[in-house]
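Working through the structure, step by step
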Amino acid sequence: MTASIDFDDFIREELREPEAYEPGIPWDRVLRDYGFAPDEVAKLDSNENPYGPAPLVRQRLAEANLHLYPDPEQLEAREAIASYVGVGVENVIGGNGADELIDLVMRLFRSPGELIVPTPTFAMYGFYGRLSGLAIVEAPRRESDWSLDVELIELLVTPQTKLICVCSPNNPTGDVVSRAELERLLSLGPLVLLDEAYAEFAHSNHTACALEYPNLLVTRTFSKWGGLAGLRAGYLVGSPQIIKKLLVTKSPVNMSLPAQLGAVACVEQKQFLDANAAKIRNERERLTGLLSRLPGVQVWPSQANFVLCRFAGRDGRRLRDDLRLRGVFTRHFDAPRLRGCLRITVARPEDSDRLLAALATVGEPAGK
Ligand SMILES: Cc1ncc(COP(=O)(O)O)c(C=O)c1O
């Protein structure tokens, strides 16, 4: 007979009841659990790129020596990324998605440490911060346009503040941080993590500011622009000192061989990916127009590959569930300030049309 163990006796306090992250539904589960054929679905819940990877990625992966370990220093991938964003190779580290790099950054700090998170935003800052024993200090964004409340952040900084997290374009609100706002935050002293996962869908980015400000760390990814969410390839741009720290604290071969090859191929086929990003930006404007003409729907302007909408008088979770039954997968939020809101990925025109058709029938019995 096995004696029972109370694992909580062994586990750090902050890990006893971690708040689980609720991701979008994986594609195979969409088909299996809901019984849809692939062409009956608009998957608009995870901000994936419907146009997929550059052709060169598949070619390089087909030729890859998968029985060999990849370069732990990720040299070719870092060189390609550095040339893509206009920094030196010593300013770049690759990761198993940007998520891994956010996690690695959170592990750097001495206790006691505080993390300032302007909410609503990407849930993983709080998630990884808590796992690393940081106290999370929320700085609510202004509800009218979801802009950062920089004055409030200034008031919230204490000697224990280690990091301020800024997502731009912000997930889920789509707004961007201005250079002036970023510089004000950088002048406060703590490190600033600027998450630019959606940079390629915005009119500008601040990645190269990391060359000027040693307390700025910028995370980016190939999941969105590069259409490689399944491959897990992200990177961080920062000062050589911080990159050195991260290179020695990461798992030795954290970035897989496919991810390293994929990153290089994306940079080589930048034009192909830029053309797809342009299609998504055009579709974003069309979708924003279509949604804002619906009665009771508010759409915030977005610089990302998604839009945040409020459906007045609706329960967000129910609306999401009703849309799912019609083959349209979107993202809802439990946060009180996002009541009645859905985040909708901008994909192909036919995906937007499917969404609009489904919205027109919500409230009637669904087909499946
Ligand atoms: C703001 C933001 N940062 C980071 C990520 C994670 O990127 P990756 O797929 O590279 O881990 C996401 C994914 O949706 C995101 O929305």
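Criteria and thresholds
Residues numbered from 1 in each chain as written. Predicted model: local features only at pLDDT ≥ 70, side-chain atom pairs only at ≥ 80, totals over all residues. Heavy atoms only, no water. Helix = DSSP H or I, 4+ residues; strand = E, 2+ residues; numbered from the N terminus. Rg over C-alpha atoms; globule rule 2.2 N^0.38 Å. Buried < 20%, exposed > 50% of the residue type's maximum accessible area, 1.4 Å probe, protein only. Areas by Shrake-Rupley, 256 points an atom, 1.4 Å probe, with all protein chains shown as cover. 1 Å grid on protein atoms, 1.4 Å probe; cavity = no way out; pocket = protein on both sides within 12 Å on 5 of 7 lines; lining within 4 Å. Points joined across faces, edges and corners; volume = space filled by probe spheres on them. Nonpolar A, V, L, I, M, F, W, Y, C, P; charged D, E, K, R; others polar. Near = heavy atom within 4 Å. Polar contact = N/O pair within 3.5 Å; in protein donor to acceptor, adjacent residues only side chain to side chain. Expected span 1.5 Å × (residues − 1). Contact = heavy atoms within 4.5 Å. Core = buried A, V, L, I, M, F, W, Y, C linked by side-chain atoms within 4.5 Å. Axes fitted to C-alpha atoms, helices over the stretch in contact; angles between N-to-C directions. Left-handed = near helix turned anticlockwise from the far one by under 90°. Pairing = 2+ DSSP bridges. Salt bridge = Lys/Arg side-chain N within 4 Å of Asp/Glu carboxyl O. Phe/Tyr/Trp six-rings, centres within 6.5 Å; stacked < 30°, edge-to-face > 60°. Lys NZ or Arg CZ within 6 Å of the ring centre and 35° of its normal.

Along the backbone of the protein chain there are twelve helices and 13 strands. In terms of overall dimensions, the protein chain is globule-like: its C-alpha atoms have a radius of gyration of 21 Å, near the 21 Å expected for 368 residues. Across the 368 residues in the protein chain, those meeting the buried criterion constitute 52%. Accessible surface, the protein chain as shown: approximately 17,000 Å² in total, 53% of it carbon and sulfur.

Counting buried positions along helix α4 (residues 98-106) yields eight of nine residues, so the element is predominantly enclosed. By the burial criterion, the buried members of α4 are Ala98, Glu100, Leu101, Ile102, Asp103, Leu104, Val105 and Met106.

Let us now look at the layout of surface pockets. For the largest pocket, the calculated volume is near 820 Å³. Around the largest pocket, the lining is made up of 26 residues, and of these Glu19, Thr121, Ala123, Phe333 and Ala335 lie nearest the centre. Elements supplying a minimum of two residues to the lining of the largest pocket: α5 (124-131), β4 (135-138) and β12 (331-332). Here the lining of the largest pocket takes three residues from α5, the largest share from any one element. In terms of residue class, the lining of the largest pocket is built from 13 nonpolar, five polar and eight charged.

Around the ligand, a shell composed of 13 residues is seen, among which Ala98, Asp195, Tyr198, Thr221 and Ser223 lie nearest. In this structure, an oxygen atom belonging to the ligand sits 2.8 Å away from a side-chain N or O atom of Asn171. Arg232 is positioned such that a nitrogen or oxygen atom in its side chain is 2.7 Å from an oxygen atom of the ligand. Compared with its free state, where it exposes 400 Å², the ligand has 92% of that area covered by protein. When the residues that make up the shell around the ligand are grouped by side-chain class, the tally is five nonpolar, four polar and four charged.

Let us now look at unusual backbone geometry. In most cases, non-glycine residues show a negative phi, while peptide bonds are predominantly trans. Across the junction of Thr119 and Pro120, the peptide omega takes the value 0 degrees, indicating a cis bond. You can see Pro120 is positioned in the loop between β3 (114-117) and α5. In this structure, the amide linkage connecting Ser168 to the following residue, Pro169, adopts the cis form with an omega of -10 degrees. The residue Pro169 is located in the loop between β5 (161-167) and α7 (179-186) in this model. With phi around 65 degrees, Trp146 is a residue other than glycine that occupies positive phi space. Along the chain, Trp146 falls in the loop between β4 and α6 (150-156). By relative accessible area, Trp146 is classed as buried at 0%.

With 23 residues, helix α10 (residues 270-292) ought to run about 33 Å at 1.5 Å a step, and its terminal C-alpha atoms sit 32 Å apart, in line with that. By the burial criterion, the buried members of α10 are Leu273, Asn276, Ala277, Ile280, Glu283, Arg284, Leu287, Thr288, Gly289 and Leu291. Contact partners of the buried residues in α10: α9 (257-268), β9 (297-299), β10 (306-311), β13 (341-345) and α12 (349-361).

Soluble globular proteins tend to pack their nonpolar side chains together in the buried interior. The biggest cluster of nonpolar side chains holds 72 residues, and the ones touching the most others in it are Leu216, Phe222, Leu291, Leu323, Ile344 and Leu355. The residues touching Leu323, leaving out its near neighbours within four places in the chain, are Val328, Thr330, Leu342, Leu355, Ala358, Leu359 and Val362.

Here we come to the packing of helix α2 (residues 55-63) against α9. Contact pair α2 / α9: the axes reach a minimum separation of 8 Å and the direction vectors enclose 145 degrees. Every pair of crossing elements has a handedness; the one defined by α2 and α9 is right-handed. Along its contact with α2, which presents Leu56, Val57, Arg60 and Leu61, the element α9 presents Pro258, Leu261, Gly262, Val264, Ala265, Cys266 and Glu268. When the residues that make up the contact of α2 with α9 are grouped by side-chain class, the tally is eight nonpolar, one polar and two charged.

The sheet built from four strands is open, its strands ordered β9-β10-β13-β12 with antiparallel pairing. Strands with a single pairing partner mark the edges of an open sheet, and in this sheet they are β9 and β12. Bridge count for β9 against β10 is three bridges, and the pairing is antiparallel. Note on β10: the bridge partner recorded for Val299 is Cys309.

What follows concerns the pattern of salt bridges. Applying the stated criterion to the full structure yields 23 salt bridges. The partner of Arg60 in a salt bridge is Glu268, and the shortest N-O contact between them spans 3.0 Å. Of this pair, Arg60 sits in helix α2 while Glu268 sits in helix α9, placing them 208 residues apart in sequence. Its relative accessible area of 25% is what places Arg60 among the partly exposed residues. The exposure class assigned to Glu268 is partly exposed, which follows from its relative accessible area of 49%. The shortest N-O distance in the salt bridge between Arg320 and Asp321 comes to 2.9 Å. Given the relative accessible area of 6%, Arg320 is considered buried. Take Asp321: its relative accessible area is 30%, and that puts it in the partly exposed class. In the salt-bridge network here, residues are joined through shared partners; they are Arg142, Asp149, Glu151, Glu154 and Arg184.

To continue, consider the packing of aromatic side chains. When we look at a pair of aromatic rings, we describe it by the centre distance and by the angle of the planes. A complete count under the given rule lists ten aromatic pairs for this structure. Relative to Phe329, the ring of Tyr34 lies with its centre 5.0 Å away and its plane at 90 degrees, an arrangement referred to as edge-to-face. Note that Tyr34 is positioned in helix α1 (residues 27-34) and Phe329 in strand β11 (residues 328-329), a separation of 295 residues in sequence. Geometrically, the ring pair formed by Phe36 and Phe329 is edge-to-face, given 6.4 Å between the ring centres and 90 degrees between the ring planes. Of this pair, Phe36 sits in the loop between α1 and β1 (42-43) while Phe329 is found in strand β11, placing the two residues 293 residues apart along the sequence. One aromatic cluster is present, formed by Tyr84, Phe222, Trp225 and Tyr235 through successive ring pairs. One cation-aromatic arrangement involves Arg343 over Phe306; the distance from NZ or CZ to the ring centre is 5.8 Å.

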